[in-house]
Amino acid sequence: MITLDTLPQGPRATSSLSFRAVPLAHPGKQLRVLDAVDTSGGPTNSGQFELDLASCGWPRLKPDRLEIVQINLGKLCNMTCRHCHVDAGPDRVDENMDRTTVEACLRAIDSSGARVVDLTGGAPELNPNFEFLVEECVQRGLRVLDRCNLTILLTRPYSHLPEWFAERGVEVVCSLPHYRKIGTDAQRGDGTYHKSIQALKRLNQAGYGQGDPHRKLVLVANPVGAFLSGNQSSLEAEWKTALARNHNVRFDQLLTLNNLPMSRYLEWLMETNQVKLYLNRLLQAFNPSTIAGLMCRNTLSISWDGYLYDCDFNQQLEMTMDIPRPHVTDFDLGIWQDHAIRTARHCYGCTAGAGSSCGGAIA
Amino acid sequence: MDHYYDRSHLPRFGEIAEGNQELADAFFSYYNKVFEEGALTAREKALIALAVANTVQCPYCIDTYTTACLETGSDLEQMTEAVHVATAIRGGAALVHGVQMLDQVKRLTM
């Protein structure tokens, strides 16, 4: 277990739902809030994701080919961002993957055929087994992604990571909601923008963001509010120009993601009386051409305690994979291939507009 | 209706086709084409639209292009500057007419 006093202090926008022990901390409550919304829009106007998929020729959402194993190493984070779908924070010290589960993940990866390992959290770097897991994956010749909050790279126990990543070709996928300060600090806490720019400069110094495929620096932007994300390729060009001009910072790729109405983002929607508005916005922007590329079709999501899910969002909503033994110790590729993907209303976040996935826009 | 400007009119905009489908189709087709990515980005066009919306003081357009600006990646500071550009032009347009006033004053007074 990691204790609080070993944690580096980071910017905070709020505290976790779990720490505050509010009803919304429970996934069941979140799903009930969404189900209670009087919806309008979508292909069937029913507000039922399964019916909307069926009307678009997808009567049963099934996996395609397993390409990515996404491991959520735990809910511990040095930050407490306003929109976090994991409800991560410095107080989430109990939910962190142990070595036994990490080793079970490696066995599952070996039998999965997946070539990409996507590490997320919380701040995955805070897990004591993080470097061991990265090293093992790199030795297997896998493409390794670290979903990094940037500020962690400025803290002493982790300040070696830019060079450490560079030596191993780890792809660094960093959260930054906007290339300017105002939105970044509103979502992620005062002072985050300044620290994020410093961390990006450190990554640039380590060789990241210069077009080298072995030192790839990706930025991920979530909207700072109740609206959809913008055009990914158009924004990437603008961000590159602006970050280079304002800070001499370079990066390789921008991913734009929608916020899914759950956890702390849902709390904010409820506080500002925008749950219905946002859910209907997602429904009205339902785009059938996103379905084939949904990440649940090519990703296996594993939680800190080894349970299996169709995506990290289902994981946080505790919707385990619809198979008899959804645990990493029992992973079987054949069973994964044939199972039906579980969905609910939060899934409208992934099918809205240009679509949304951990790999950015879909359509 | 006991007041001007009704929020529900915006989502009903398409009903304007009831009186003339052909002109409505032509207008909406043109409108959508205008806002596509082109020599200007969708973000730049949304900022221009926001400034014009404030200039023509259309509440429907202000709501629509505030959201459009956010969705295309502008932030509050950038949008506020766009509104100030509109304000400067609008104010300047009033003030520059003052030269006409000035000439008239000079003509009419000793």
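These figures come from a predicted structure and were not determined experimentally.

### Here we look at the overall build of chain A
In step 1: Secondary structure assignment for chain A yields 13 helices and 8 strands.
In step 2: Taking 2.2 N^0.38 as the reference for a compact globule, 363 residues should give roughly 21 Å; the C-alpha atoms of chain A span a radius of gyration of 19 Å, in line with that estimate.
In step 3: If one aligns the C-alpha atoms of chain A with their principal axes, the spans along those axes are about 50 × 45 × 40 Å.
In step 4: Across the 363 residues that make up chain A, the buried fraction comes to 60%.
In step 5: When the accessible surface of chain A is totalled, it reaches about 14000 Å², and 49% of it is carbon and sulfur.

### Comments concerning the nonpolar core
Residues and elements named next belong to chain A.
In step 1: Grouped together as the largest cluster of nonpolar side chains are 69 residues, with contacts concentrated most on Ile71 and Trp239.
In step 2: A total of 6 residues in this core trace back to one element, the largest contributor, which is helix α4 (residues 99-112).
In step 3: Ignoring sequence-local partners within four residues, the contact set of Trp239 consists of Leu176, Pro177, His178, Tyr179, Leu219, Ala221, Phe251 and Leu254.
In step 4: Judged by nonpolar contacts, the second largest core, of 37 residues, contains Leu260, Leu269, Val275 and Cys296.

### Some words on the interface of chain A and chain B
In step 1: Each partner contributes residues to the interface: chain A has 13 residues there, and chain B has 13 residues.
In step 2: Of the roughly 1100 Å² buried at the junction of chain A and chain B (both faces included), carbon and sulfur atoms supply 46%.
In step 3: The tally of links between chain A and chain B comes to 4 salt bridges.
In step 4: Counting every contact that joins chain A to chain B gives 10 residue pairs in polar contact (both at pLDDT 80 or more).
In step 5: Looking at the side of chain A that touches chain B residue by residue, the classes come out as 5 nonpolar, 5 polar and 3 charged.

### Here's the deal with the pairing of strand β1 (residues 68-72) of chain A
All names here are of chain A.
In step 1: Most of β1 is tucked away: 4 of the 5 residues are buried.
In step 2: As paired elements, β1 and strand β2 (residues 116-120) share 5 bridges and run parallel to each other. Across the sheet, the residue bridging to Val69 is Val117, located in β2.
In step 3: Between the parallel elements β1 and β2, the chain passes through α4 in a crossover that is right-handed.

### With respect to the packing of helix α4 (residues 76-96) of chain B against helix α5 (residues 98-108) of chain B
Residue and element names in this part refer to chain B.
In step 1: Contact geometry of α4 with α5 gives a least axis separation of 4 Å together with a crossing angle of 10°. Here α5 runs roughly parallel to α4, going by the angle between their axes. Contacts between α4 and α5 involve Ala94, Leu95 and Val96 from the former and Gly98, Val99 and Gln100 from the latter.
In step 2: When the residues that make up the contact of α4 with α5 are grouped by side-chain class, the tally is 4 nonpolar, 2 polar and no charged.

### Overview of the side chain of Gln315 of chain A
All names here are of chain A.
In step 1: Among the secondary structure elements, Gln315 is positioned in helix α12 (residues 312-316).
In step 2: One polar contact links the side chain of Gln315 to the main-chain carbonyl oxygen of Ile302, over a distance of 3.3 Å.
In step 3: Filtering out sequence-adjacent residues up to four positions away, Gln315 remains in contact with Asn72, Ser301, Ile302, Ser303, Trp304 and Tyr309.

### A word on the packing of aromatic side chains
In step 1: Scanning the model with the defined rule gives 15 aromatic pairs over all chains in all.
In step 2: Three or more aromatic residues joined by ring pairs make a cluster, and in this case those are Phe13, Phe27, Phe28, Tyr31, Phe35 and Tyr65 of chain B.
In step 3: Over the ring of Phe132 of chain A we find Arg99 of chain A, and its NZ or CZ is 3.8 Å from the ring centre.
In step 4: The side chain of Lys240 of chain A reaches across the aromatic face of Phe251 of chain A, ending 5.7 Å from its centre.

### Remarks on a nonpolar patch on the surface
In step 1: A contiguous nonpolar surface patch, about 570 Å² in accessible area, is contributed by Leu10, Phe13, Ile16, Phe27, Tyr30 and Val34 of chain B.
In step 2: Position of Phe27 of chain B among the secondary structure elements: in helix α1 (residues 21-34).

### Regarding unusual backbone geometry
In step 1: The residue after Gly121 of chain A, namely Gly122 of chain A, is reached through a cis peptide bond having omega 25°.
In step 2: In this fold, Gly122 of chain A is placed in the loop between β2 and α5 (130-139).
In step 3: Its identity as a non-glycine residue notwithstanding, Ala21 of chain A has a phi of 55°, on the positive side.
In step 4: Following the sequence through the fold, Ala21 of chain A ends up in the loop between α1 (17-20) and α2 (27-35).
In step 5: The exposed category is assigned to Ala21 of chain A, whose relative accessible area is 66%.
In step 6: For Tyr5 of chain B, which is not glycine, the phi dihedral falls at a positive 65°.
In step 7: Structurally, the position occupied by Tyr5 of chain B is in the segment before α1.

Calculation notes
- Residues numbered from 1 in each chain as written.
- Chains lettered and ligands numbered in written order.
- Predicted model: local features only at pLDDT ≥ 70, side-chain atom pairs only at ≥ 80, totals over all residues.
- Heavy atoms only, no water.
- Helix = DSSP H or I, 4+ residues; strand = E, 2+ residues; numbered from the N terminus.
- Rg over C-alpha atoms; globule rule 2.2 N^0.38 Å.
- Buried < 20%, exposed > 50% of the residue type's maximum accessible area, 1.4 Å probe, protein only.
- Areas by Shrake-Rupley, 256 points an atom, 1.4 Å probe, with all protein chains shown as cover.
- Core = buried A, V, L, I, M, F, W, Y, C linked by side-chain atoms within 4.5 Å.
- Contact = heavy atoms within 4.5 Å.
- Buried area = accessible area lost by both parts, 1.4 Å probe.
- Salt bridge = Lys/Arg side-chain N within 4 Å of Asp/Glu carboxyl O.
- Polar contact = N/O pair within 3.5 Å; in protein donor to acceptor, adjacent residues only side chain to side chain.
- Nonpolar A, V, L, I, M, F, W, Y, C, P; charged D, E, K, R; others polar.
- Pairing = 2+ DSSP bridges.
- Right-handed = clockwise from strand over helix to strand, strands pointing away.
- Axes fitted to C-alpha atoms, helices over the stretch in contact; angles between N-to-C directions.
- Parallel < 35°, antiparallel > 145°, perpendicular 65-115°, else oblique.
- Phe/Tyr/Trp six-rings, centres within 6.5 Å; stacked < 30°, edge-to-face > 60°.
- Lys NZ or Arg CZ within 6 Å of the ring centre and 35° of its normal.
- Patch = residues over 30% accessible without salt bridge, like charges linked within 9 Å, V, L, I, M, F, W, Y side chains within 5 Å.

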